[in-house]
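Below, each chain spelled out in residue letters.
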Amino acid sequence: MFDVEKIREEFPILHREVYGKPLVYLDSGATAQKPRTVIETVDRLHRELNANIHRGVHFLSEEATVLYEAARERIASFVGAAAKEEIVFTAGATASLNTVAYAWGDAFVGAGDNILVSEMEHHSNIVPWQMLAERKGAEIRVLPFDEAGALRTDLLPSLVDERTRVVAVTQASNTLGTRPDLRTVVAAAHAVGAVVVGCQGVVHGGVDVRAMDCDFYAFSGHKLYGPTGIGVLYGKRELLERMPPFMGGGDMVDTVTFAKTTYAPVPLKFEAGTANFVGAIGLGEAVKFMQRFDPAEIEAHEETLLRRATERLEGIGGLRIYGTAPGKCAILSFNVEGVHPYDMGMILDKLGIAVRTGQHCAEPVMDHYGTTGMCRASFALYNTLAEADALAAGVERAVKMLRN
């Protein structure tokens, strides 16, 4: 059985208090908490195994290198990559997306081409493509979503054509919780020869990049119960080999002379400089933690939390939930008429309930609904029904306080 109370015992921070109240952490969409095994792994690396990888013949360097590459192999298996060489370690999902925008984009996007992004994207999957379009004289096109937050994939035939080079779309909206069917997007993009860049759905029920047939996929370690400062870029090997490197420096080279530099094979040619080997190994440990569970059980648990919180919040007068598409992940964004989201968030905070308020790095989503911000509760595998109830009770209390 999926024993949430037993799982919670593995997350030390969940047992602290805030303002004298038990912490109810509902901001995993911003960053997830870390299980003890990840914390202890990172601590052990600093205490016992701190040595630069790929560079030394001494024992510590060799040991750290083995662990780093083992983490790459575990992550490749976790996302369904064909080989570990298709996994590039980066500083985060933002760095992964920028790597594709610069390395692939600068090489294969030209004037008059177009790049399609969805309306529900996080800024990190909008701005790099805008910057690419400005550099290359390309056009940005937008795939909209409807009022429920469902992606309008029916409009794909009118938006992709023979000049479409990149289609960038999230697998899980950080604001609406929508999980678009990327197979439809991939089919439309590949039909015109465009590459598809997916991102950030790996924690919500798992991902199989080969089954999805996406060309690139980006995610952050800290949202997968791993350390901050580490991310992953998956890329089909043949595409990674065709791409020029994004940054130059140590460890990404084969030979260096003043006349010419040749590059290391993939994935190393995209990992310039001293790697965040502690973060990568810590992320590998987080993936190992996740592999203890059936993804379907995690998904079912989070859906139960979402359903409970939604049912309770829908009973509050004047409250609107944004994002009601079927099959959404456990993200609940809302506003209450006459209540500013920041005021709501501050009162919930004093009750020990951590939610996020603001634009959630998704200003086009705010514009779509004509609002300047939202409150967002995001659930994870360690949250409980009691915490879903605490959210609803906290919102009810805040509404009474702010309306009187």
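Now for a look at the structure at hand.

Here we look at the nonpolar core
Logical step 1: Counting 75 residues, the largest nonpolar core has Val79, Tyr217, Leu224, Tyr225, Val365, Leu381 and Tyr382 as the members making the most contacts within it.
Logical step 2: Broken down by element, the residue count for this core peaks at nine residues, all from helix α10 (residues 277-290).
Logical step 3: Formed by 29 residues, the second largest nonpolar core is a distinct cluster that contains Leu348, Val355, Phe379 and Leu391.

Some thoughts on the side chain of Thr99
Logical step 1: Considering the arrangement of structural elements, one finds Thr99 in helix α4 (residues 93-108).
Logical step 2: Within the structure, the side chain of Thr99 is placed 2.8 Å from the backbone oxygen of Ala95, a separation counted as a polar contact.
Logical step 3: Not counting the four nearest positions on each side in its chain, Thr99 is found in contact with Trp104, Leu233, Met243, Phe246 and Phe270.

As for the sheet that holds strand β17 (residues 374-378)
Logical step 1: The antiparallel open sheet is built from four strands, whose spatial order is β13-β14-β17-β16. The sheet terminates laterally at β13 (319-322) and β16 (356-358), the two strands that pair on one side only. On average, each strand axis in the sheet is tilted by 30° relative to the strand beside it, whichever way the strands run.
Logical step 2: Relative to β17, strand β14 (residues 331-336) runs antiparallel, the two sharing four bridges.

A closer look at the pattern of salt bridges
Logical step 1: Enumeration according to the criterion identifies 25 salt bridges in this entry.
Logical step 2: Two residues, Arg72 and Glu69, come together in a salt bridge whose shortest N-O distance is 2.8 Å. Remark: Glu69 and Arg72 occur in helix α3 (residues 59-79); sequence separation between them is three residues, near one turn of the helix. For the pair Arg72 and Glu69, one class covers both residues: buried.
Logical step 3: A salt bridge links Arg72 to Glu271, with the shortest nitrogen-to-oxygen separation between them at 2.7 Å. A residue pair is termed long-range when its members are at least 10 positions apart, and Arg72 in helix α3 and Glu271 in the loop between β12 (261-263) and α10 qualify at 199 residues. Of the two residues, Arg72 and Glu271, both sit in the buried class.
Logical step 4: A single network of salt bridges, built from pairs that share partners, joins Glu69, Arg72, Lys84 and Glu271.

The rules we used
Residues numbered from 1 in each chain as written. Predicted model: local features only at pLDDT ≥ 70, side-chain atom pairs only at ≥ 80, totals over all residues. Heavy atoms only, no water. Core = buried A, V, L, I, M, F, W, Y, C linked by side-chain atoms within 4.5 Å. Buried < 20%, exposed > 50% of the residue type's maximum accessible area, 1.4 Å probe, protein only. Helix = DSSP H or I, 4+ residues; strand = E, 2+ residues; numbered from the N terminus. Polar contact = N/O pair within 3.5 Å; in protein donor to acceptor, adjacent residues only side chain to side chain. Contact = heavy atoms within 4.5 Å. Pairing = 2+ DSSP bridges. Axes fitted to C-alpha atoms, helices over the stretch in contact; angles between N-to-C directions. Salt bridge = Lys/Arg side-chain N within 4 Å of Asp/Glu carboxyl O.

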